[in-house]
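Residue-level listing of the chains:
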Amino acid sequence: MRKRKSSWLQEIAVHGFLFIMAAIMILPFLWMISTSFKTPAEIFVLPPRWIPKEPALENYRELFASINFGRPFMNTVIVASSITFLSLLISSMAGYAFAKFRFKGRDKLFFLILATLMVPGQMTMIPVFLLLRQLGLLNTYAGLILPGVASAFNIFFMRQFIMTIPNELIEAAKMDGARESFIFFRIILPLSKPALTTIAIFTFTGSWNSFLWPLIIAQDERMYTLPVAVSVLAGQYGENLGIQMAGSCVVITPILVFFLFAQRYFIKGIALTGLKG
Amino acid sequence: MKTNWIWILTFVGPALILLMVFLIIPIFASFYLSFTDFNVFAMTDWSRAKLVGLRNFIELFKDELFWKALMNTFYCLVVAMPVTVVLSLTCAVLLNREQTRFKSFFRTSFFLPFITNTVAIAVVWSWILNPSYGLLNWFLSLFGIKGPNWLGDPRWAMPSVIMLVVWKAVGYNAILFLAGLQNMPDFLYEAAELDGATSWQKFWYITLPMLRPTMVFVTTMMIIGYLQLFEEPYMLTQGGPLNSTLSIVLYLYRQGFKFFKLGYASSIAVVLFLMISALTLLRLKLAERE
């Protein structure tokens, strides 16, 4: 009898702890969303009203009409999708070659690519900035996209996955006279869907959230990406809490919704990279 | 059978060219730049940059602000790493219990901060931490505690930054620990239970040692990530007040892209790179010896 009571208490303690942790993780989001729909009169009311009395779209209207937030939104969509598409194509091609082709220096070359994984991004930032400046690519889509496409991690990830595809499949196709391009597009890519999904999700999320790079490359307002636009907003509209929260909502919500739908791929992908490492 | 070289070039070529131009050559260029006095005048005409040997590094060694940035960054690493490990491991262990309910709800909510844009959520946090209108101080006032001026007080600014850093990292690391826990064979626990082990003993003598590979991975990634602290202080405090939250990368950004002292900034990048490599190697060496 006594033992049962204590384990009941234990359950309450465990769930209490987890609920408090969950609240700490979720409340900032709820507060952001609710504040973005508030009028100035309601914003500073304490205790906070989680559901605004008179929800208003005023903040969003101002954000898109007078601050023109649509432009950075479109820029981010263009940049993140292009990086994802190009990176997927190029790294799966290279991953296939490193996994299945036989050529001199293959493993040395692959090791060189792996070694760059350890190098922090700040190490390449300044030379690439100077190079893009020299080529006149500052404030262009090319400047924002190209440096993000080359990903040593994606090549590594694709190679590891393609190695698990049996050689017999490829040999059989070759017997039938298939060319490498046919094998790649018709056999390798369809079989690599799980790996492609994982890196597509991480590459897209990563480029959507990327900040330091666009901050340096996009100095012209018209080329701002969302994170840069939000950071500028925080400086210019320092006192206008409602607008800032609406801006943050626009940056955060798409990825949040995306995550809620594709959750199991996110979590599987992370567990995978963790166990491999 | 050897593959035709035309196919090799077609498949490896694009990746290799991009990696060369945007990754491998720039790494060497960074080392080179760190030995030059490349500054705003050299921007228009590269030939104005002169080799100056180790001058940048000597200057850096004497630069009080750089030392401050170094100390702040290590302060963040030394506090944030153990706190993240303890919190995320606790969450993972509790989520791994059979009796725990609402598992997917907890897992989803813990994970939300990680996928969220740091810049945008930092704006939200800067208002949560606002001394007069903020949620946090309002909540503390319910218990009769007068909260500090989180971001305005040099003593509290770094703890505030760390709060955001840990908040973002817990869910991701909990997922990694959870994956490690689920990979563990049940028979170890069954054997321990037969021997009458308490749950604390099971955690200490079975779970922790068995989690070592995950622990090594998690802490290594944290060393690499936390030493590159940038977005949180950039958004929350701009490195202030009194440079109490100035981090290495923030200082690099200022020197390089505010003052365009690109040679000097490159020497900061080189030092950061060497520190990260040294600490990563040290961590892996320690893991081997354990």
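Residues numbered from 1 in each chain as written. Chains lettered and ligands numbered in written order. Predicted model: local features only at pLDDT ≥ 70, side-chain atom pairs only at ≥ 80, totals over all residues. Heavy atoms only, no water.

## Thoughts on the interface of chain A and chain B
The partner chain B presents 88 residues to the 95 residues of chain A that form the contact. Roughly 8400 Å² of surface becomes buried between chain A and chain B when both sides are summed, with 82% attributable to carbon and sulfur atoms. Interface area lost by chain A to chain B is led by Met-25, Met-123 and Ile-126 of chain A, which between them contribute 8%. Our count for the contact surface shared by chain A and chain B stands at 1 salt bridge. A salt bridge links Arg-97 of chain B to Glu-11 of chain A; its shortest N-O distance comes to 2.5 Å. Taken together, the connections running from chain A to chain B amount to 12 residue pairs in polar contact (both at pLDDT 80 or more). (Contact = heavy atoms within 4.5 Å. Buried area = accessible area lost by both parts, 1.4 Å probe. Salt bridge = Lys/Arg side-chain N within 4 Å of Asp/Glu carboxyl O. Polar contact = N/O pair within 3.5 Å; in protein donor to acceptor, adjacent residues only side chain to side chain.)

## Here's the deal with the nonpolar core
Core analysis: the biggest nonpolar cluster contains 189 residues, and Tyr-96 and Phe-129 of chain A together with Phe-110, Phe-230 and Phe-257 of chain B have the highest contact counts within it. Top element by residues in this core is helix α7 (residues 154-182) of chain B. It accounts for 16 residues. Among the domains, domain 1 (2-56) and domain 2 (62-276) of chain A are the pair contributing at least three residues each to this core. In this structure, Tyr-96 of chain A is in contact with Phe-101, Ile-162, Ile-170, Glu-180, Ile-183, Phe-184 and Ile-188 of chain A together with Phe-11 of chain B, ignoring residues within four places of it in sequence. (Core = buried A, V, L, I, M, F, W, Y, C linked by side-chain atoms within 4.5 Å. Buried < 20%, exposed > 50% of the residue type's maximum accessible area, 1.4 Å probe, protein only. Helix = DSSP H or I, 4+ residues; strand = E, 2+ residues; numbered from the N terminus. Domains from an automatic or database assignment.)

## Here we look at helix α5 (residues 106-115) of chain A
Listed as buried for α5 of chain A are Arg-106, Phe-110 and Ile-113 of chain A. For α5 of chain A, the buried positions fall inside an angular range of 55 degrees around the axis, keeping them on one side. Opposite the packed face of α5 of chain A, turned more than 90 degrees from it, sit the exposed residues Lys-108 and Phe-111 of chain A. As for α5 of chain A, its buried residues are in contact with α4 (70-100) and α8 (152-163) of chain A together with α1 (5-33) of chain B. (Arc of directions from axis to C-beta.)

In short, geometric facts, not functional conclusions.
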